[in-house]
Amino acid sequence: MAVTEPGSEELAARLEADRQAGLLRFVTCGSVDDGKSTLIGCLLYEAGLLFEDQQRALESDSRRIGTQGERLDYALLLDGLAAEREQGITIDVAHRYFQTDRRKFIVADSPGHEQYTRNMVTGASNSDCAVLLLDARKGALTQTRRHAYIVSLLGVRHVAVAINKLDLVGYSESRFRELETECRDFADQVGLPGVTCIPVAAIHGDNVVVRSTRTPWYDGPTLLEYLETVEIDEDRLQAAPLRLPVQWVNRPDHSFRGFAGMVVSGTVAAGDRVVALPSRRESTVARVVAYEGDLDRAMTGQSVTVTLSDEIDISRGEVIADVASPPGVADQFEATLVWMAEEPLLRGRNYLMRVGTTTVGATVAPLKYRIDVHSLKRIAADKLELNEIGVGELELDRPIPFDSYSSNRDTGGFVLIDRITSQTVGAGMLNFELHRSHSVQWQAIDVDKASHVRLKGHRPCVLWMTGLSGAGKSTIANLVERKLYSLGCHTYLLDGDNVRHGLNKDLGFTDADRVENIRRIAEVAKLMVDAGLIVITSFISPFRSERRTARELLEDDEFIEVFVDAPLKVAEARDPKNLYAKARRGEIANFTGIDSPYEPPESPEVHIETTTTTAEIAAEQLMSELRRRNVLDPE
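Residues numbered from 1 in each chain as written. Predicted model: local features only at pLDDT ≥ 70, side-chain atom pairs only at ≥ 80, totals over all residues. Heavy atoms only, no water.

Which residues make up the pairing of strand β16 (residues 319-322), and what are the values?
Here strand β7 (residues 243-245) runs beside β16; their pairing, made up of three bridges, is antiparallel. By the bridge assignment, Arg-243 is partnered in β16 with Ala-321. Of the strand pairs in this sheet, strand β11 (residues 273-277) and β16 are connected by four bridges, and their pairing is antiparallel. Considered in β16, the bridge of Val-275 is made with Ala-321. (Pairing = 2+ DSSP bridges. Helix = DSSP H or I, 4+ residues; strand = E, 2+ residues; numbered from the N terminus.)

The following block contains the structure:
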């Protein structure tokens, strides 16, 4: 049969209908083997949304590697990784675009295994709606509840609970009603409004696209009907105040200076009065430029370049906002965190935090509690393990513009990045700023760091000695301080044992306590450097991340990392305090080198091998380093 080409009027009508259709982003989630990929595959197939070659490939793959016998294995449409097909599970987030007469869709099919929770967070973070699956036989499992709670945290306002595999319980209405009540009760607890429960058997297509005759007792929408009619979050964002995070300063020549980025909420047009934050500079929009030319008005979701009528300095990371309804600006927050790394989140550890187009340093201090996703109880904690969810306070190294996550996901959501590996280790939502963010300010002082330096007659710095217990740090540190004292230098020696008698007497030797121990010492060392002192520290300081944090508190040439290197066997043989012997007997837990790791420096300024270098020679080596850096003779 020949396909008739539409006339120009008909084509124009179709294009206009397509433009008005709107785009719904939704995520499928739930526990492993609840049938997420099968459900979406069935929806695509039953709604006639597959091309002929896709349908032939599905039929061929179902015969060759399918798990459904003679039936089509719909999951193969989304499980694209070889490991997924071999194991019959979803590992990565599979995104699929499709369109019906009423709406366009992008579905993120997320994995159900607990170890891939981070992938589910990625899929849900950009979604307007979630389809949460339950196996009718098993009900809501721990991972189901975890996904439901994460969906709530991520601000997904619309949730359809597809109670799947109803065929395996005989299409029982009573079982469906029992699970529906359970789901609604849990949804109320986690704050999920508007939950719609739909009885489905994805493998047979029941209530996926067409209403099933096997569930005459159900009079609600099919899954496709629900997706085609649910509200799109974009409509709400269009009416919200303008937020345009600046991604790039566009200056092709001296005659043009624009600020490029995506409008994440509200609209912007020439003549609008705006403010750039956190700098708080105000101006008026002169032009709104897109690829195709100037626009009368840019809407939420459009990437544009904005020019201003005033020459003001704006850089990447600032937010251009409606001057009448600007976001807040703060550097301390309460935040909800979802941890996504094998290595735990530790209080006091410094991470990079990326929110919108800006990246800042962030410290979790303190972690207030973690949440038991099954009971929703708040449990006191000083760390978060993989896939755990908690609430803590964040301290940033500079103020940022923000909205609470509940009002704007783009300016209130963030990720945490490990400073050493550059891997994303956590995701979070800003709840509100802390009052002390504005009430605690820097006090101006007249006798500043430069004044102290002139008085002392030498430059301040930190000699940060790190190494195993018994490597020789304290011995070398004492010798260096004596030599500096004899030259009339102003010094202070911070020793690991001594500070635990006072400043850090409340800390133990867990990883979390070690992180906090070094954080406090780094801050004290910074204060002493501000006072013009040469500070010598003698700490195991086993983690690279904390040593890097200490370095970043100081100016570039003020931190000198000294690796006092002795092999574990040698350090243990010395054992001046009998600590290794106690650790071997199990009397001391979390002892570095025995049952707690030591991460040696990768590029220390000074490397001292104490198996071949005496303490006296090592001390002279450090004195030479100070002279080379003009610390002792700043003139």
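Okay, back to it.
Explain the domain arrangement of the protein chain residue by residue, including any values.
As assigned here, the protein chain comprises domain 1 (16-232), domain 2 (236-322), domain 3 (328-435) and domain 4 (449-628). Here domain 1 and domain 4 have C-alpha centroids that lie 55 Å from each other. (Domains from an automatic or database assignment.)

Kindly report on the pairing of strand β30 (residues 606-609), identifying the contributing residues and their values.
Burial of β30 is one-sided: the residues Val-606 and Ile-608 facing one way are buried, the residues His-607 and Glu-609 facing the other way are not. Where strand β29 (residues 559-565) meets β30, four bridges bridge the pair, whose relative direction is parallel. When the sheet's bridge partners are listed, Asp-565 is paired in β30 with Glu-609. (Buried < 20%, exposed > 50% of the residue type's maximum accessible area, 1.4 Å probe, protein only.)

Any chance you could break down the packing of helix α6 (residues 142-153) against helix α7 (residues 173-190) for me, citing the residues and the numbers?
Across the interface, α6 lies against α7 with an axial gap of 10 Å and an inter-helix angle of 40°. The orientation of α6 with respect to α7, classified from their angle, is oblique. Pair α6 / α7 crosses with right-handed handedness. For the pair formed by α6 and α7, the contact residues are Arg-145, Ala-148, Tyr-149 and Ser-152 on the first element and Glu-182, Phe-186 and Val-190 on the second. The class makeup of the residues in the contact of α6 with α7 is four nonpolar, one polar and two charged. (Axes fitted to C-alpha atoms, helices over the stretch in contact; angles between N-to-C directions. Parallel < 35°, antiparallel > 145°, perpendicular 65-115°, else oblique. Left-handed = near helix turned anticlockwise from the far one by under 90°. Contact = heavy atoms within 4.5 Å. Nonpolar A, V, L, I, M, F, W, Y, C, P; charged D, E, K, R; others polar.)

Pulling in residues and values, what's your account of the sheet that holds strand β27 (residues 491-495)?
Judged by pairing direction, the sheet is parallel, and its five strands sit side by side in the order β27-β28-β26-β29-β30 without closing on themselves. Looking at which strands have only one partner, the edges of the open sheet turn out to be β27 and β30. When the angles between neighbouring strand axes are averaged without regard to direction, this sheet yields 15°. Contacts between helix α19 (residues 615-628) and the sheet are confined to β26 (461-466), β29 and β30, with β30 contributing the most and set at about 170° to the helix.

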